[in-house]
Amino acid sequence: MVVDMGKKEDELVQQAVNQQQVQKEEEDDDVQALVHKIAGLAAAIAKLPSLSPSPEVNALFTELVTACVPPSAVDVEKLGPELQEMRARLIRLCADAEGLLEAHYSDLLAAFDNPLDHLALFPYFNNYILLSELEHGLLARHVPGPAPARVAFLGSGPLPLSSLVLAARHLPAASFDNYDICGEANERARRLVRADAELGARMAFRTSDVALVTRELASYDVVFLAALVGMAAEEKARVVEHLGRHMAPGGALVVRSAHGARGFLYPVVDPEEIRRGGFDVLAVHHPEGEVINSVIIARKPAVLVEAQAHAHGHGAVLSRPCQCCEMEARAHQKMEEVTSMEQLPS
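Residues numbered from 1 in each chain as written. Predicted model: local features only at pLDDT ≥ 70, side-chain atom pairs only at ≥ 80, totals over all residues. Heavy atoms only, no water.

Chemist: Report on the packing of aromatic side chains, specifying residues and quantitative values.
Modeler: Applying the stated criterion across every chain, the model contains five aromatic pairs. Measuring from centroid to centroid gives 6.4 Å for Y179 and Y220, while their planes differ by 85°, and the two rings are edge-to-face. You can see Y179 sitting in strand β2 (residues 175-180) and its partner Y220 sitting in the loop between β3 (203-207) and β4 (222-225), a full 41 residues away along the chain. When sorted by exposure, Y179 lands in the same class as Y220, which is buried. Connected via pairs of aromatic rings, a cluster forms that spans Y105, F122, Y124 and Y128. (Phe/Tyr/Trp six-rings, centres within 6.5 Å; stacked < 30°, edge-to-face > 60°. Helix = DSSP H or I, 4+ residues; strand = E, 2+ residues; numbered from the N terminus. Buried < 20%, exposed > 50% of the residue type's maximum accessible area, 1.4 Å probe, protein only.)

Set out below in structure tokens:
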């Protein structure tokens, strides 16, 4: 019996194509079902008389987070105009609800003699523990050297858990400047460190719009950019450009983003926007577990052009690399991102 190997190979290829097509159709159905569910939850949340913590509010947001956290094939950037508008409204509702939730727990914690002993009362405290551990680990891996001495956190809010955890557990010698546009949020945050003299001495709370913080930015070794500072893409791009203009060469930037369906909860930051803002992107990490936010690690480049300095009889001059170097660097950074996402634990 003669077997036509060419025909057999064609059949195998066709089977593989058919399987891929079926899988694609199943993924499309799953994505449509998920988006439909999220749109329904968004409509229900929008009808709430108040976003302050309550059984109804808590139940709806818990259902929303539960729907968005599992890995999904959804790409929020490819949604149609109406769904994009829904997503933008939902992110703002989430931001408002998060602010009210943090204010509520900040007030609750402030009633204790030492609020810092009771941070675990906040229902998502473990998320901040894991996120801070992830961010510190990524920084240590991709920005090696002495531990940062001065840190800025932009968008710290009334319950600055990220700064508190980083300062207490990971950067015990660093000073933290926490920036928020809301004076009431900063007043709430100050009360949380009143009973801890050591930590309180390293924690400052400054009321300011990020766009008005200029010369101070050059003094920080690391700047953390909260997910909800600049919620629309163009707003985020302006913030990143501002940081790129005023941060010191060599300064590290940690940007919180989102991936997949989590993009219905927080803004998605394109790493290319970070590069256009004047930074080298060192790592992009998308967690798949309890941590919701993606993390982008970047650094403002510091290229010493000694020949140019000697030619003009001046000291060292800071300059951006040539176009060829930039192309090579971007290719290297892409490889770093892939390696980071493959090797780092979720």
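Chemist: Hey, could you go over the packing of helix α3 (residues 81-110) against helix α6 (residues 183-192) for me, with residue numbers and the actual values?
Modeler: Two elements in contact, α3 and α6, have axes separated by 9 Å at closest approach and are oriented at 35°. Judged by the twist between their axes, the crossing of α3 over α6 is left-handed. Residue-level inspection shows A103, S106, D107, L109 and A110 of α3 in contact with α6, the latter providing R188, A189, R191 and L192. Residues of the contact of α3 with α6, tallied by class, amount to five nonpolar, one polar and three charged. (Axes fitted to C-alpha atoms, helices over the stretch in contact; angles between N-to-C directions. Left-handed = near helix turned anticlockwise from the far one by under 90°. Contact = heavy atoms within 4.5 Å. Nonpolar A, V, L, I, M, F, W, Y, C, P; charged D, E, K, R; others polar.)

Chemist: Which residues make up the pairing of strand β1 (residues 150-154), and what values go with them?
Modeler: In terms of burial, β1 is largely enclosed, as four of its five residues are buried. In this structure, β1 lies alongside β2, joined through five bridges in parallel fashion. When the bridges of β2 are listed, F153 appears paired with N178. In terms of handedness, the path from β1 via helix α5 (residues 161-170) over to β2 forms a crossover that is right-handed. With four bridges joining them, β1 and β4 adopt parallel strand pairing. Residue pairing across strands places L154 opposite L225, the latter belonging to β4. (Pairing = 2+ DSSP bridges. Right-handed = clockwise from strand over helix to strand, strands pointing away.)

Chemist: Give me the lowdown on the nonpolar core, citing residues and values where you can.
Modeler: Grouped together as the largest cluster of nonpolar side chains are 64 residues, with contacts concentrated most on L225, L243, L253, I274 and I297. Counting residues per element, this core draws most heavily on helix α4 (residues 125-142), which supplies seven residues. With sequence-adjacent residues up to four places away left out, I274 is seen in contact with V240, V255, V269, F279, V281, I296 and A298. Within the second largest apolar cluster, 31 residues are counted, among which are V35, L41, L64 and A67. (Core = buried A, V, L, I, M, F, W, Y, C linked by side-chain atoms within 4.5 Å.)

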